[in-house]
Amino acid sequence: MRPVGVAGFGLLAVVVSVAAFGPVLWGDQATVVDTGNLLAGPSAEHWIGTDNLGRDLFARVLVAARLSILLALAATAISLVLGIILGAAPILVGRRLGRLITSAVNVLVAFPGLLLVLFFAVIFGVGARGAALAVGLAGAPAFARLCHTLVAAVSERDYIAAARIAGVSRLRVLRRHVLPNIAEPLIVNATMAAGGVLLTFAGLSFLGLGVQAPSYDWGKLMQDGLNGIYVHPLAALGPGIAVVLAGLAFNLTGEAFAAAPNRTFSLGGPRDPAGVTAPVPGAILSVDDLRVTIPGPAGPIHAVRGITFTVEPGEAVGVVGESGSGKSVTALAVAGLLEPPVRVEANHLVVAGEDLTAAGAHRRLGTSLAVVFQDPMTSFNPAHRVGPQLAEVSRFHQGMSRKAAFARAVDRLRAVRIGEPERRARQYPFEFSGGMRQRAMIGMGLMGNPRLIIADEPTTALDVTVQRQILELLAEVRRDTGAALLLISHDVSVVTDVCDRVLVMYAGRVVEELPAKDLRTLARHPYTRALVAAVPDLETDLDRPLAVIPGLPVDPTLSPAGCAFAPRCPLADDHCRAVAPELLAGVACHRSGS
Amino acid sequence: MSVLSFQEVSVRYGAHTVLDDVSLEVAAGQTVGLVGESGCGKSTLARAAVGLAPVTGGRILLDGEPVPTRGRRPVQMVFQDPYSSLDPRMTVGETIAEAMPDRPGRKARQAEVARLLALVHLDAARALDLPGRLSGGQRQRVALARALAARPEVILADEITSALDVSVQGAVLNLIRDMRRDLGLSMLFISHNLAVVRYVADSVAVLHHGRIVEYGPTAQVLGAPRHAYTRQLLAAASPLKEHT
């Protein structure tokens, strides 16, 4: 836990124990009237002085903790419960009435909190109960708003729809499905709000609207001490300090709760530099023993566990594998897009003559590397027009003028077959369809003279009819520019259509490397064969069940001793489970002969 | 098993028409495939049948009666994303039991959960796990078991394999075929993947811009498509010849 959390919890423990035991331990001392010491200053006997009846103020501050904290908690609870009821209204009372309630809450949120508190305090009358109700009610709109947002997010999940279809009642949906899933942020916010409520209470009592004599909380003590603030400042400051400490305790604890889910284990310092090797001469991309480690909540995730491959100029290489196989991480590492805390290590990782493991290599690489991502919506900045976003590449890397760069952008949009490129260049990304955005993304890669295009699942987010067009465009671009292509995909048919050579990845390793045309017929690794057989196509035999791969993918936090596929492999023997196979002659399998 | 029929169903959001006069019948014990690209209204049709989308025109009937859109529906739906369709805070057993009619007792409930898990080829011990411990394919099987727990007349499967890895997609498709054979379920199977639909469906409807443009037995629609859009879909699903 971080120091803030330790301080928060420690402080909260002190505040709560004082609230719990204060009246027992110091209750008597706080009521002893000492007529010889009226309104005295600090002394060894009375640390922060006495009040107008000569009662010890320090003891009274400690005793007041219970009432102050209880009132704050009660008011927070009122806010929270009311907030949940109001915020969950759309679920409970239906859409139309719910919308009305939400609008009312939105209006209330616009009022300053203090104004609401004073308004309610006047309605409910002076006294502890009135103040608790006032502060509680005034805090409810903020909670209702938060709760409404959280509920709305959860309501869109399919499990809520499934529960409704199954006939689960609204109240039960709220209790079983919604509340447990929004509890965490609500509790965090309530803890922090309790700190603020404490302060508000002190303010109310200070104004004389809160706790009335003979009861006293910190606010009341401050009010009493104010008369003599110039003579005995500690009499007013003492309870003030108590308010600050208790408020801090709540706030820091809330902060610690809020930060807790994000904790990850650090990877420690860098390991010893591995042996640096020379790149394969002539290759546009040469990778030797690439390893990528990502810090995760349950220990480091070994996403890529040592892969070696090359891409020749003009060649199209496909990387296939399932989710978690490390194929996308490989693409990101090659594109130089992974940053600490992710750790990328390799004996060498050379793209177009630049070793990416060296500093500044990425900038020197300039436009010889182009990257196309899966989701074209998120790879463009939605606030800028498409043309200038493309032009920026040439202005930054090639030092072109604004005008020349824009002309080039229009020309490149035309090259990726976007109709009316001059008009389209002046549009925003949201005015493009998914397929057109992906075309524009490829166009951005063509602003320079790319020698390697990395495409990470470029067609997965697109419709089947559009997928085909994008694949054809990639093939065409390769023909025209002579660029090499590294195509990452989970779809065996996409890779066999477009690529010359295929790397099959499983659990962060390359298990087989073979010509794309042989993938369906001549694969030797049991995983490759199963992967191909598991996908139905338009010629699949309808009378037989589809091939399946039994078992589960490897947990990426573990490092299996033997072959990672052995637990799911029908051919595996003890040797497979004990010794990891090396990639030899295109296949990493002890049993590839059988 | 029952007949689910959509009769001239239209769904409009303001001026935007999602479904336009769609008529389709899922006959008893049959699996009807519904194909088309994203935004064509496939999912909306299924959601309308369970009351999750407002029907602005036409009727949706189950054995001649309007499908109830409140309480436990006789038509159950399995969703695309198994990571969003299971409550992360409820165990597999609780999730399945919640959909059962008539709130059975503890013993009966556990027995039924075990029976349903066996039906979808999952170990009965999984009932105590939270969804976080399951893979995508296992989650989708739990979602299927939950749909079966409600004792539905018809199941709507909305892109149930498209969020899955290929190695588990096959297992889910095999399961769908087994269940149709063993339980005689009527099913509307929605997918954008023609090869997948071909494997599980008896007949296929092609939806394009909110209208059904072609309907017929699977072999006929995919073997001898009559509508230009169906041919376009088929061309997209076949391998590219020129580059290999």
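Because the structure is predicted, anything quoted here is derived from the model rather than measured. (Residues numbered from 1 in each chain as written. Chains lettered and ligands numbered in written order. Predicted model: local features only at pLDDT ≥ 70, side-chain atom pairs only at ≥ 80, totals over all residues. Heavy atoms only, no water.)

The number of helices and strands found in chain B is 8 helices and 10 strands. The C-alpha atoms of chain B give a radius of gyration of 18 Å, which matches the 18 Å a tight globule of 244 residues would have. With the C-alpha coordinates aligned to their principal axes, the bounding extent of chain B is approximately 55 × 50 × 35 Å. The 244 residues of chain B split such that 57% are buried. Long-range pairs, those at least 24 residues apart, make up 66% of the contacts in chain B between residues at least 6 apart in sequence. Chain B carries 27 positive and 24 negative side-chain charges, and their two centres are separated by 4 Å. (Helix = DSSP H or I, 4+ residues; strand = E, 2+ residues; numbered from the N terminus. Rg over C-alpha atoms; globule rule 2.2 N^0.38 Å. Buried < 20%, exposed > 50% of the residue type's maximum accessible area, 1.4 Å probe, protein only. Contact = heavy atoms within 4.5 Å. Lys, Arg positive; Asp, Glu negative; His and termini not counted. Charge placed at Lys NZ, Arg CZ, Asp CG, Glu CD.)

Next up on the list: unusual backbone geometry. With omega at 10°, the peptide bond leading from Ala213 of chain A into Pro214 of chain A counts as cis. Tracing the chain through its elements places Pro214 of chain A in the loop between α8 (170-206) and α9 (218-226). Of note, Ala585 of chain A is a non-glycine position whose phi angle comes to about 50°, a positive value. Mapping Ala585 of chain A onto the fold places it in the segment after α21 (574-578). Here Ala585 of chain A falls in the exposed class, since its relative accessible area comes to 73%. Positioned with a positive phi, Arg103 of chain B is a non-glycine residue whose angle comes to about 40°. Residue placement: Arg103 of chain B occurs in the loop between α2 (92-98) and α3 (106-119). Looking at Arg103 of chain B, the relative accessible area reads 62%, which means it is exposed.

The next subject is the nonpolar core. By size, the foremost hydrophobic cluster in this structure holds 73 residues, and its most contacted members are Val178 and Ile182 of chain A together with Ile96 and Phe189 of chain B. Per-domain counts for this core show at least three residues from each of domain 1 (3-261) and domain 2 (285-383 + 428-578) of chain A. In this structure, Ile96 of chain B is in contact with Val113, Leu116, Leu117, Val142, Ala145, Arg146 and Ala149 of chain B, ignoring residues within four places of it in sequence. With 63 residues, the next largest nonpolar core counts Val386, Leu413, Val495 and Ala516 of chain A among its residues. (Core = buried A, V, L, I, M, F, W, Y, C linked by side-chain atoms within 4.5 Å. Domains from an automatic or database assignment.)

Residue and element names in this part refer to chain B. In spatial order, the strands read β6-β7-β8-β3-β9-β10; together these 6 strands make up an open sheet with mixed pairing. Looking at which strands have only one partner, the edges of the open sheet turn out to be β6 (75-78) and β10 (211-217). For this sheet, the mean angle separating the axes of adjacent strands, direction not counted, is 20°. Sheet topology places strand β3 (residues 31-35) next to strand β8 (residues 186-190); 4 bridges connect them, and they run parallel. Following the sheet pairing, Thr31 is matched in β8 by Met187. (Pairing = 2+ DSSP bridges. Axes fitted to C-alpha atoms, helices over the stretch in contact; angles between N-to-C directions.)

The next thing to look at is the interface of chain B and chain A. Residue-level contacts link 57 residues of chain B with 49 residues of chain A. Across the chain B/chain A interface, buried area totals approximately 4,600 Å², and carbon plus sulfur atoms make up 54% of it. Viewed at the interface, chain A and chain B are joined by 3 salt bridges. We note a salt bridge from Glu94 of chain B to Arg176 of chain A, for which the minimum N-O separation is 3.9 Å. If you look at where chain B meets chain A, you find 17 residue pairs in polar contact (both at pLDDT 80 or more). (Buried area = accessible area lost by both parts, 1.4 Å probe. Salt bridge = Lys/Arg side-chain N within 4 Å of Asp/Glu carboxyl O. Polar contact = N/O pair within 3.5 Å; in protein donor to acceptor, adjacent residues only side chain to side chain.)

Residue and element names in this part refer to chain B. Of all 6 residues in strand β9 (residues 203-208), 5 are buried, a share of seventy percent or more. Of the pairings in the sheet, the one linking β3 to β9 comprises 4 bridges and is parallel in character. By the bridge assignment for β9, Leu34 is matched with Ala205. Bridge analysis of β9 against β10 gives 6 bridges, and the strand direction is antiparallel. Note that in β10 the partner of Val204 across the bridge is Gly216. Between the end of β9 and the start of β10, which pair antiparallel, lie 2 residues, with His209 showing a positive phi angle near 50°.

What the rule picks out here adds up to 7 aromatic pairs over all chains. Between the aromatic rings of Trp47 of chain A and Phe58 of chain A, the centroid separation amounts to 5.1 Å while the plane-to-plane angle is 40°, which identifies the pairing as tilted. Of this pair, Trp47 of chain A sits in the loop between α1 (3-31) and α2 (57-87) while Phe58 of chain A is found in helix α2, placing the two residues 11 residues apart along the sequence. Residue Trp47 of chain A is classed as exposed on the basis of its relative accessible area, which comes to 55%. The class for Phe58 of chain A is partly exposed, based on a relative accessible area of 30%. Here the aromatic residues Phe119, Phe120 and Phe124 of chain A are joined through ring pairs into a cluster of three or more. Here the basic side chain of Arg177 of chain B rests over the ring of Tyr199 of chain B, its NZ or CZ set 4.1 Å away from the ring centre. (Phe/Tyr/Trp six-rings, centres within 6.5 Å; stacked < 30°, edge-to-face > 60°. Lys NZ or Arg CZ within 6 Å of the ring centre and 35° of its normal.)

Our focus in this paragraph is the environment of Leu290 of chain A. All names here are of chain A. Note on placement: Leu290 falls in strand β1 (residues 285-294). With relative accessibility at 0%, the residue Leu290 sits in the buried group. As a C-alpha pair, Leu290 and Ser493 span 203 residues in sequence and 26 Å in three-dimensional space. With residues up to four places along the chain from it excluded, the contact list for Leu290 reads Val304, Arg305, Gly306, Ile307, Thr330, Ala333, Val344, Glu345, Ala346 and Leu349.

Looking now at the sheet that holds strand β9 (residues 484-489) of chain A. Residues and elements named next belong to chain A. Strands sit in the order β7-β8-β9-β3-β10-β11 across an open sheet of 6 strands; the sheet is mixed. Here the strands that pair on one side only, and so sit at the sheet edges, are β7 (369-372) and β11 (509-515). Sheet twist, expressed as the mean angle between neighbouring strand axes with direction ignored, is 15°. Pairing of strand β10 (residues 501-506) with β11, which is carried by 6 bridges, proceeds in the antiparallel orientation. Counterpart to Val504 in the pairing with β11 is Glu512. Sheet strands in contact with helix α20 (residues 526-534) are β10 and β11, and its direction is about 100° off that of β10.

Moving on, we get to a positive patch on the surface. There is a patch of like positive charges on the surface, built from Arg95, Arg96, Arg99, Arg164 and Arg170 of chain A together with Arg70 of chain B. Per-element tally for the positive patch: the top contributor is helix α4 (residues 95-110) of chain A, with 3 residues. Looking at the secondary structure, you find Arg96 of chain A in helix α4. (Patch = residues over 30% accessible without salt bridge, like charges linked within 9 Å, V, L, I, M, F, W, Y side chains within 5 Å. Areas by Shrake-Rupley, 256 points an atom, 1.4 Å probe, with all protein chains shown as cover.)

All names here are of chain A. On the surface, Leu234, Leu237, Ile241, Val244, Leu245 and Leu248 cluster together into a nonpolar patch covering about 490 Å² of accessible area. Mapped onto the fold, Val244 is located in helix α10 (residues 233-259). With relative accessibility at 48%, the residue Val244 sits in the partly exposed group.

Domain boundaries in chain A define domain 1 (3-261) and domain 2 (285-383 + 428-578). The straight-line distance from the C-alpha centre of domain 1 of chain A to that of domain 2 of chain A is 54 Å.

All names here are of chain A. Between α4 and helix α6 (residues 128-155), the least distance of the axes is 9 Å, while the angle of their chain directions is 130°. Classified by the angle between their axes, α4 and α6 sit oblique to one another. In terms of crossing hand, the pair formed by α4 and α6 is left-handed. Judged by residue contacts, Thr102, Val105, Asn106, Leu108 and Val109 of α4 engage Pro141, Ala142, Ala144, Arg145 and His148 from α6. Its residues assigned to classes, the contact of α4 with α6 shows 6 nonpolar, 3 polar and 1 charged. (Parallel < 35°, antiparallel > 145°, perpendicular 65-115°, else oblique. Left-handed = near helix turned anticlockwise from the far one by under 90°. Nonpolar A, V, L, I, M, F, W, Y, C, P; charged D, E, K, R; others polar.)

All right, on to the side chain of Thr459 of chain A then. Turning to its location among the elements, Thr459 of chain A is positioned in the loop between β8 (452-456) and α18 (464-481). Sequence-distant contacts of Thr459 of chain A, defined by excluding residues within four places in its chain, comprise Gln467, Ile470, Leu471 and Val494 of chain A.

Helix α1 (residues 42-49) of chain B sits mainly inside the fold: 6 of its 8 residues count as buried. Among the residues trailing α1 of chain B, Gly51 of chain B stands out with phi positive, at a value near 80°.

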